[in-house]
Amino acid sequence: MKKLICLIAKLMNKLQFIILVKSRLFLLFLVLFSVKIAACKCNGTPTLKSSFENADFVFIGEVYDITEVPSGFKTVQNILSKVKINKTYKSDSYDGFYTHNATLFGSPLHSCDVLFTQKGEYLIFAYDEKDTGFLYSDQCFIQKKLDELSPEELKELESLSSQYKKLSENSDTSSNPELTDLIVDDFNHSDRKVNEQKIEISSLNQQNNRYKIIIYISIFVIVMFLITLIFLRRKTRH
C-alpha cells in the first residue's frame with residue numbers, strides 16, 4: 001500500500017512538472033508570436049536625420065486650435081490641428097503655401113498618423129497630402145515638443161537645413177546624387193499610400209528575418225520538450 005501511495009505521489013509530481021513545462025512553453029509561444037494588431041511599421045528606429053530626409057516639411061510650430069471631425073465611425077474622431085509656423089527648416093512648397101499657417105490631419109484609423117491633441121509648440125516632421133492640402137505627421141518620425149529638444153538637436157537641425165537649402169539652390173540637381181536624399185523631385189510628390197507601402201515593404205523584410213529566428217528557436221524548444229517528455233515517460237515505466 002505504501003509503495004502504491006509513493007508511486008502515485010511520484011506520478012503526481014511528474015504530472016505537475018509536465019503541466020508546468022507545457023504552460024511555460026505555451027506562454028513562450030504567446031510571447032514569440034504575439035503581434036500588435038494594426039501597429040505602425042517603421043523602417044528601423046527614427047532619427048533626426050532620417051526624419052528630416054524623409055519628410056516634406058520640417059518646422060517648429062505652435063498648435064493653437066484642435067477640432068474633432070467625423071471619421072465615419074461613431075466612436076472614432078479624426079483630428080484637425082491648426083498650426084502657426086514659427087520657423088521652417090525644410091519645405092517642398094515652392095509657391096509658399098505653407099509659410100505662416102498649416103493644418104495637420106490625423107486619424108486613429110491610420111495606425112501611423114500622429115494626432116496632435118494638445119496645444120503647444122512642437123518640432124514637426126510632416127508629409128504633404130496633395131489631394132486635401134493638409135499636412136500629416138507620422139509615427140516613423142521623431143516627435144518632440146520644443147522644450148524637449150536639446151541644444152545638440154537644434155544644432156543638427158540647423159546643419160541639415162543649411163545643407164538642404166544649399167543643395168536646393170543648385171540648379172543642376174541631376175549631377176549630384178546626394179541631392180536625392182534631401183530634395184524631393186517635383187514629379188514625385190509624396191502620397192500617404194505610397195509612403196506607407198514603402199515603409200511596410202522595408203519592415204516586412206526585417207520581419208521575415210526575425211520570424212526565421214523565432215521559428216528556429218521554436219523548433220529547438222519543441223525538440224527539447226519532446227526529449228524531456230520521452231525521458232520522463234521512460235523513467236516512469238522503470
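Every value quoted in this text rests on a predicted model; they were computed, and no experiment measured them.

*Asks:* Teacher, can you tell me more about the overall build of the protein chain here?
*Replies:* Helix and strand counts for the protein chain come out as 4 helices and 6 strands. Going residue by residue from the N terminus, the α and β elements of the protein chain occur as α-α-β-β-β-β-β-β-α-α. Expressed as a percentage of its 238 residues, the buried residues of the protein chain come to 32%. Residue pairs at least 24 apart in sequence account for 70% of intrachain contacts in the protein chain once pairs closer than 6 positions are excluded. Accessible surface for the protein chain amounts to roughly 16,000 Å². Of this, 59% is attributable to carbon and sulfur atoms.

*Asks:* How do you make sense of the packing of aromatic side chains when you look at a structure like this?
*Replies:* Remark: the centre distance and the inter-plane angle together describe each pair of aromatic rings, the angle taken between the planes. In the structure shown here, the tally under the stated rule is 6 aromatic pairs. Centre to centre, the rings of Tyr127 and Tyr136 are 5.4 Å apart; their planes meet at 45°, and the pair counts as tilted. In this structure, Tyr127 and Tyr136 share a single accessibility class: buried. Taking 5.1 Å as the distance between ring centres and 50° as the angle between the ring planes, the aromatic pair formed by Tyr127 and Phe141 counts as tilted. Taken together, the residues span a long stretch of sequence, with Tyr127 in strand β4 (residues 120-129) and Phe141 in the loop between β5 (134-137) and β6 (144-145) at a distance of 14 residues. Per residue, the accessibility class of Tyr127 equals that of Phe141, and both read buried. A connected cluster of aromatic rings, assembled from ring pairs, spans Phe125, Tyr127, Tyr136 and Phe141.

*Asks:* How should I be thinking about a nonpolar patch on the surface in this particular structure?
*Replies:* Judged by side-chain polarity, Tyr211, Ile215, Tyr216, Ile219, Phe220, Val223, Met224 and Ile227 come together as a nonpolar surface patch covering roughly 800 Å² of accessible area. As for its placement among the helices and strands, Phe220 is situated in helix α4 (residues 192-237). For Phe220, a relative accessible area of 52% corresponds to the exposed category.

*Asks:* How should I be thinking about the nonpolar core in this particular structure?
*Replies:* The tendency in soluble globular proteins is for nonpolar side chains to be buried as a group. Leu48, Phe52, Val58, Tyr89, Leu123, Phe125 and Leu157 are the most contacted members of the largest nonpolar core, which totals 16 residues. Of all the elements in the fold, those that place two or more residues in this core are α2 (48-54), β1 (57-73), β4 and α3 (151-169).

*Asks:* I tried to follow a negative patch on the surface on my own but got confused; where do I start?
*Replies:* A grouping of Glu62, Glu121, Asp147 and Glu148 is seen on the molecular surface, where their side chains present a negatively charged patch. Position of Glu148 among the secondary structure elements: in the loop between β6 and α3. Among the residues examined, Glu148 registers a relative accessible area of 48% and is labelled partly exposed.

Conventions adopted
- Residues numbered from 1 in each chain as written.
- Predicted model: local features only at pLDDT ≥ 70, side-chain atom pairs only at ≥ 80, totals over all residues.
- Heavy atoms only, no water.
- Helix = DSSP H or I, 4+ residues; strand = E, 2+ residues; numbered from the N terminus.
- Buried < 20%, exposed > 50% of the residue type's maximum accessible area, 1.4 Å probe, protein only.
- Contact = heavy atoms within 4.5 Å.
- Areas by Shrake-Rupley, 256 points an atom, 1.4 Å probe, with all protein chains shown as cover.
- Phe/Tyr/Trp six-rings, centres within 6.5 Å; stacked < 30°, edge-to-face > 60°.
- Patch = residues over 30% accessible without salt bridge, like charges linked within 9 Å, V, L, I, M, F, W, Y side chains within 5 Å.
- Salt bridge = Lys/Arg side-chain N within 4 Å of Asp/Glu carboxyl O.
- Core = buried A, V, L, I, M, F, W, Y, C linked by side-chain atoms within 4.5 Å.
- Lys, Arg positive; Asp, Glu negative; His and termini not counted.
- Charge placed at Lys NZ, Arg CZ, Asp CG, Glu CD.

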